[in-house]
Amino acid sequence: MATVTTSSPATLQPCTHTSRHGVARYCPSPLPWRRWSYGRMTTRATASSHGQPSATGGWVEAPAGVAAAAGEEGDSIRRLQNGPDVRGVALEGEKGRPVDLTPLAVELIAESFREWLREELQRPAGEELRVSVGRDPRLSGARLSAALFAGLARAGCSVFDMGLATTPACFMSTTLPRFNYDASIMMTASHLPYTRNGLKFFTKRGGLTSGDVEDICDRAARKYVARKMGFGVGGMPPVVMRVDLMSAYAQHLRDIIKQRVAHPAHYDTPLKGFKVVVNAGNGCGGFFTWDVLEKLGADTTGSLHLEPDGTFPNHMPNPEDATAMSLTRDAVLANGADLGVVFDTDVDRSGVVDGTGAAINGDKLIALMSAIVLDEHPGTTVVTDARASDGLTRFIASRGGHHCLYRVGYRNVIDKGVQLNTDGVETHLMMETTGHGALKENYFLDDGAYMVVKIVIEMVRMKLAGLEGGVGSLIMDLEEPAESVLLRMNILGEPKYAKQRGTMAVEAFKEYIQEDKLSGWVLDDCGDCSVGEGCLVDTNDHPNDVDAYMYSRAKLYNENKRPLGMVHVRQSVHNPNIALNMQSYVPGGCKYMAMDLHKRFLLASGVNDFVDISEVEKFVK
């Protein structure tokens, strides 16, 4: 593979390479890199096997009968679909989980993405498509990136390698004027173990839907056996151009802070005098420390785990991780910082710690963002997933907003917000309790760095206005559940049957309540947007089917018809297990609900025949 290092497409110079279509490549002058390894690694990509291209420059497909006979091997590609993403095991080391995200699988998915993209954009078959690629620091990234480059190039794409990047930056590469690519792919598995990896896809319209990714994986599955049999292989090594997207993205974030703070004394360094600690968890978030906060004047002394390390030696980069939040809290207090920031691996999620050391994630982070957004857009609607608490609903209502509970899954929550705006319901904030957050003002993009930018701006504004207490004071009146407990029940048997069995368990829970076999339990119809507690009616006749049959939410009432708590039962998208989220309104309520479910549902229904309920049994004893 020919590799060209560039800064951005701003200043173009002729390169010595040409594409296989005979079109000359152009690349700009390189810029020096500072303190991080964006774009420094040279990756060699080769086709997985060799053969001859067709006379038209395309690649020979297998006969229809062969493609239709993909069977079990083709299904292994289809099972890589993970909602709106692709996820799989990329390295050996997981007990009972063989490697399934192979270079061949990635290569075929890349080819299929180009096919899908051409049809989506209605481009002629021979017209060039420009696709950027970024990755997180996982150990499997270099090898799988080579396969990704090869698949895209074979399919006729011009490939632009961003090197180490963030997921939101990948999307921004389709909108920032110096880049403006047709599409982008981020290679990441977010908070999952270092053995995993995956792909996230973007066009100028945003992230792909579950249906889009299903289509792409289905195309790749039909190619899989054909490739195994020697059809449609070979080609010249791809030409990949290196681009410095992250510098432009960081400048974009800096400009937003400077413009919106408009500091009267030092416009270009609005964070002068502030201390901010960043915990990047050895993922991709270190850039925010060096290229955003420090360049705006902030003191980042005490920041943690900024250097990328694909083994994640300290803790998983995850704002839900107790270790990550605890270490950040300690660093904030030790350094007298005004704010602490925790990013996940690919920086599409974040959490913060205020100056008192209080962790702000989950419902608290949604409440903080709601307070900020409702001050800017009075009366707006906030969309969250169905795991959000009743206290959050009351918090949003107390500030004049509306709370729409919707399906779990960040893509579902975001798409619900898009749909509500289309229907004329002003909706500026969409957030999952996991930390995924999107804003109408920012392309409906779940961007953890942008969320922190909004919080940083509010922090500075409060200081300029002479307000005490920092950003944590904005959510002092948030009512939290008396107890919150998360239990997981592993789905027994082969992983390939996990989704089917998980759906069976969730549906059985719904049916038990509907058939009055669980007296006191009442289904909360949040799957179609709960109409209780001020939520809006779902007017979408064709909602995304992600998680539609994978979860259920119900409340338990006592004999006086007073609610004791809420249970959310959901099949995991990432692993073969069922998550049981419980929130109690009274002390001891979670154990009481778990005991009731254990006796009257898990054992009585026979679900325990294919679901491991030992964690529930341990909790209730």
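See the structure shown above.
Here's what I pulled together on the structure shown here. What you are looking at is a predicted structure, and each value in this text was computed from that prediction instead of being measured.

Reading the values: rules and limits
- Residues numbered from 1 in each chain as written.
- Predicted model: local features only at pLDDT ≥ 70, side-chain atom pairs only at ≥ 80, totals over all residues.
- Heavy atoms only, no water.
- Helix = DSSP H or I, 4+ residues; strand = E, 2+ residues; numbered from the N terminus.
- Contact = heavy atoms within 4.5 Å.
- Areas by Shrake-Rupley, 256 points an atom, 1.4 Å probe, with all protein chains shown as cover.
- Buried < 20%, exposed > 50% of the residue type's maximum accessible area, 1.4 Å probe, protein only.
- Pairing = 2+ DSSP bridges.
- Salt bridge = Lys/Arg side-chain N within 4 Å of Asp/Glu carboxyl O.
- Disulfide = S-S within 2.5 Å.
- Expected span 1.5 Å × (residues − 1).
- Core = buried A, V, L, I, M, F, W, Y, C linked by side-chain atoms within 4.5 Å.
- Axes fitted to C-alpha atoms, helices over the stretch in contact; angles between N-to-C directions.
- Left-handed = near helix turned anticlockwise from the far one by under 90°.
- Nonpolar A, V, L, I, M, F, W, Y, C, P; charged D, E, K, R; others polar.
- Phe/Tyr/Trp six-rings, centres within 6.5 Å; stacked < 30°, edge-to-face > 60°.
- Lys NZ or Arg CZ within 6 Å of the ring centre and 35° of its normal.
- Parallel < 35°, antiparallel > 145°, perpendicular 65-115°, else oblique.

This next bit is on the overall build of the protein. Helix and strand counts for the protein come out as 16 helices and 25 strands. Residue pairs at least 24 apart in sequence account for 71% of intrachain contacts in the protein once pairs closer than 6 positions are excluded. Surface accessibility of the protein: about 24200 Å² in total, with carbon and sulfur atoms responsible for 51%.

Turning next to the pairing of strand E9 (residues 196-203). With eight of its eight residues buried, E9 lies for the most part within the structure. The alternating pattern of E9 places Arg196, Gly198, Lys200 and Phe202 and Asn197, Leu199, Phe201 and Thr203 on opposite faces, both of which are buried. In the sheet, strand E5 (residues 85-89) pairs with E9 via four bridges, with the strands oriented antiparallel. Looking at E9, one finds that Gly88 is bridged to Asn197.

So, on to the pattern of salt bridges. Summed over all chains, the structure comprises 38 salt bridges. Of the charged contacts in the structure, one is a salt bridge between Lys555 and Asp390, with a shortest N-O distance of 3.2 Å. One end of the pair, Lys555, is in strand E23 (residues 551-557); the other, Asp390, is in helix H11 (residues 390-398), and 165 residues separate them in sequence. With respect to burial, Lys555 and Asp390 carry one shared label: buried.

Attention shifts here to the state of the cysteines. Inspection of the entire model under this criterion finds zero disulfides. With no disulfide of its own, Cys170 has Cys284 as its nearest cysteine by sulfur position, at a separation of 9.1 Å. Of the residues examined, Cys170 reaches a relative accessible area of 0% and is grouped as buried.

This part takes up helix H12 (residues 410-422). In a regular helix each residue adds 1.5 Å, so 13 residues correspond to 18 Å; H12 covers 19 Å between its end C-alpha atoms and thus fits that length. Burial analysis of H12 places 10 of its 13 residues in the buried class, which makes it a mostly covered element. A positive backbone phi angle near 90 degrees is found at Gly424, which sits one or two residues after H12.

Moving on, we get to the side chain of Lys454. In this fold, Lys454 is placed in helix H13 (residues 448-464). The buried category is assigned to Lys454, whose relative accessible area is 4%. Sequence-distant contacts of Lys454, that is, excluding residues within four places in its chain, are made with Arg260, Met369, Ile372, Glu376, Leu439 and Glu441.

The bulk of non-glycine residues show a negative phi, and the bulk of peptide bonds are trans. At Asn180, a residue that is not glycine, the phi angle is positive and equals roughly 60 degrees. Structurally, the position occupied by Asn180 is in the loop between helix H5 (167-172) and strand E8 (183-187). A positive phi angle is found at Phe312, which is not glycine, with a value near 50 degrees. With respect to the helices, strands and loops of the structure, Phe312 is situated in the loop between helix H8 (286-293) and helix H9 (322-335). Classification of Phe312 by relative accessible area gives buried; the value is 6%.

Another point: the environment of Lys295. In this structure, Lys295 sits in the loop between H8 and H9. Distance in space between the C-alpha atoms of Lys295 and Asp268 is 8.7 Å, their sequence separation being 27 residues. Dropping the residues within four chain positions of it, Lys295 is found in contact with Arg254, Asp268, Thr269 and Trp290.

The next thing to look at is the nonpolar core. Among the nonpolar cores identified, the biggest contains 77 residues, and Tyr249, Leu253, Phe287, Phe288, Leu339, Met369 and Ile455 are the most heavily contacted of them. Top element by residues in this core is H13. It accounts for 11 residues. Leave out the neighbours within four places in its chain, and Phe288 touches Leu253, Leu293, Phe343, Ala449, Val452 and Val453. Grouped together as the second largest cluster of nonpolar side chains are 39 residues, Leu80, Val86, Ile109 and Leu152 included.

The next subject is H8. Counted residue by residue, H8 has eight buried out of eight residues, so it is predominantly covered. If you check which residues of H8 are buried, you get Gly286, Phe287, Phe288, Thr289, Trp290, Asp291, Val292 and Leu293. Residues of H8 that are buried in the fold lie against helix H7 (245-261), strand E12 (276-279), strand E13 (339-343) and H13.

At their nearest, the axes of helix H3 (residues 103-121) and helix H4 (residues 141-154) sit 7 Å apart, and the two run at 35 degrees to each other. As for how H3 packs across H4, the hand of that crossing is right-handed. Contact with H3, carried on its side by Pro103, Val106, Glu107, Ala110, Glu111 and Phe113, involves Arg143, Leu144, Ala147, Leu148, Ala150, Gly151, Leu152 and Arg154 of H4 and no other residues of that element. For the contact of H3 with H4, the residue count by class is nine nonpolar, one polar and four charged.

Of all five residues making up E5, five are buried, and the element is well covered by its neighbours. The two faces of E5 match: Asp85, Arg87 and Val89 on one face and Val86 and Gly88 on the other face are all buried. Where strand E4 (residues 81-82) meets E5, two bridges bridge the pair, whose relative direction is antiparallel. Residue pairing across strands places Asn82 opposite Asp85, the latter belonging to E5.

This part is about the packing of aromatic side chains. Counted by the stated rule, this structure contains 12 aromatic pairs. Measuring from ring centre to ring centre gives 5.8 Å for Tyr249 and Phe287, while their planes differ by 40 degrees; the resulting arrangement is tilted. In this pair, Tyr249 is assigned in helix H7 and Phe287 in helix H8, connecting sequence segments 38 residues apart. By the burial criterion, Tyr249 is buried, and Phe287 matches it. Among the aromatic side chains, those forming a connected cluster through ring pairs are Tyr249, Phe287, Phe288 and Phe343. Over the face of the ring belonging to Tyr406 we find Lys416, whose NZ or CZ atom lies 5.0 Å from the ring centre. Positioned over the ring face of Phe274 is Lys463, at 5.0 Å from the centre of the ring.

So, on to the packing of helix H10 (residues 363-376) against H11. Look at H10 against H11: their axes get within 10 Å of each other, and the N-to-C directions meet at 10 degrees. Accordingly, the angle class assigned to the pair H10 and H11 is roughly parallel. Across the interface between the two elements, Asp363, Ile366, Ala367, Ser370, Ala371 and Leu374 from H10 touch Leu392, Phe395 and Ile396 from H11. Broken down by class, the residue content of the contact of H10 with H11 amounts to seven nonpolar, one polar and one charged.

Remember that the coordinates give geometry; whether it matters functionally is a separate question.
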